[in-house]
Amino acid sequence: MDQNKKDMRMLVQIASHRLHVNCIRGKRPISEGSSSESSISFSNADLEGVDLPHNDSLMISLEVGGHLVDRILVDPSSVVDVMYINLFKMLKLKLEDLKPTSTVLHGFNEASVQPMEVVTLPIYVEPVTVQTQFLVIDVSSTYNAIVGRPWLHKTRAVPSTFHQLLKFHLDMGIEAIRGDQRASKECCMIEVKVKEIA
């Protein structure tokens, strides 16, 4: 293995995909019409704690399959929800958990990736659970997963990268998940270094 590939693997390992086990609480599935119809909006008050100015992506932590997983990229331009192979392994999922897919992913650079297969796991956002179908991708990434339009639309969530917030309706009103700017910056720096090495 040449030095560039070793350096690239080391940088991806430095981005260590942390995984924390959460206790599993009572959950109920999200249902149609179960959320309030009040409008979701963002204001300057939502900027409290945000490092400005910034150009950070929205990266959050969610409970996936009973484990708290960080470095999840919120990408409204993605037409699929993606799980990278490292997370698949950390969740101790088995190949038997996968279901076949014929989907091929195409990136903005026209590169194609054939997913391994599909796995469906619950994502828990207190107090609801959303069954989410992830395409499992066997490539290294600084992210653990990407939640795209399928998950965003199921949860009726509205992201704001500027405010570093993801807001969504629940029975008791509007809830929000704050983005992790530090993790976003780390992933961006690692990606830049990997591109410089390649």
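Criteria and thresholds
Residues numbered from 1 in each chain as written. Predicted model: local features only at pLDDT ≥ 70, side-chain atom pairs only at ≥ 80, totals over all residues. Heavy atoms only, no water. Helix = DSSP H or I, 4+ residues; strand = E, 2+ residues; numbered from the N terminus. Contact = heavy atoms within 4.5 Å. Areas by Shrake-Rupley, 256 points an atom, 1.4 Å probe, with all protein chains shown as cover. Salt bridge = Lys/Arg side-chain N within 4 Å of Asp/Glu carboxyl O. Buried < 20%, exposed > 50% of the residue type's maximum accessible area, 1.4 Å probe, protein only. Core = buried A, V, L, I, M, F, W, Y, C linked by side-chain atoms within 4.5 Å. Phe/Tyr/Trp six-rings, centres within 6.5 Å; stacked < 30°, edge-to-face > 60°. Lys NZ or Arg CZ within 6 Å of the ring centre and 35° of its normal. Expected span 1.5 Å × (residues − 1). Disulfide = S-S within 2.5 Å.

What follows is about the overall build of the protein chain. Within the protein chain, the secondary structure is distributed over 4 helices and 13 strands. For the protein chain, contacts bridging at least 24 residues in sequence account for 67% of all contacts bridging at least 6. Accessible surface for the protein chain amounts to roughly 11200 Å². Of this, 54% is attributable to carbon and sulfur atoms.

What follows concerns the pattern of salt bridges. For side chains bearing opposite charge, pairing can occur when the charged atoms are close. Counted under the stated rule, the structure contains 4 salt bridges. As a salt-bridge pair, Asp56 and Lys185 come within 2.8 Å of each other at their nearest N and O atoms. Here the residue Asp56 occupies a position in the loop between β2 (28-29) and β3 (59-64), and Lys185 occupies one in helix α4 (residues 181-197), the gap between them amounting to 129 residues. On the basis of relative accessible area, Asp56 is assigned to the buried category, the value being 12%. Note that Arg182 and Glu186 form a salt bridge whose closest N and O atoms lie 2.6 Å from each other. Residue Arg182 and its partner Glu186 are located together in helix α4, separated by 4 residues, close to a single helical turn. On the basis of relative accessible area, Arg182 is assigned to the partly exposed category, the value being 47%. Linked through salt bridges whose partners overlap, the residues forming this network are Arg71, Arg182 and Glu186.

Now for the nonpolar core. The biggest cluster of nonpolar side chains holds 31 residues, and the ones touching the most others in it are Leu62, Val64, Met83, Trp151 and Leu166. Contributions of two or more residues to this core are made by β3, β4 (67-74), α2 (85-90), β8 (117-125), β9 (128-137), β10 (145-147), α3 (149-155) and β12 (165-170). With residues near it in sequence (within four places) discarded, Leu62 still touches His67, Leu68, Val69, Ile72, Ile123, Val125, Val147, Trp151 and Ile177.

Turning our eyes to something else, we now look at unusual backbone geometry. Pro53 follows Leu52 through a cis peptide bond whose omega is -10°. Pro127 follows Glu126 through a cis peptide bond whose omega is 5°. If you trace the backbone, Pro127 turns up in the loop between β8 and β9. Notably, Arg71 is not glycine yet its phi reads approximately 55°, a positive angle. Tracing the backbone shows Arg71 in strand β4.

Two descriptors summarise a pair of aromatic rings, namely the distance from one centre to the other and the angle between the planes of the rings. Evaluated as defined, the whole model comprises 0 aromatic pairs. The ring of Phe42 carries Lys167 above its face, with NZ or CZ at 4.8 Å from the centroid.

Our next topic: α4. Because an α-helix completes one turn every 3.6 residues, residues spaced three or four positions apart along the sequence face the same direction. In this model, α4 (17 residues) spans 24 Å end to end at C-alpha, consistent with the 24 Å of a helix rising 1.5 Å per residue. Taken residue by residue, α4 has Gln181, Ala183, Ser184, Cys187, Ile190, Val194 and Ile197 as its buried positions.

Turning next to the state of the cysteines. The final tally for this structure, using the stated rule, is 0 disulfides. Cys187 takes part in no disulfide bond, and the closest cysteine sulfur to it belongs to Cys188, at a distance of 8.7 Å. Note on Cys188: relative accessible area 46%, which makes it partly exposed.

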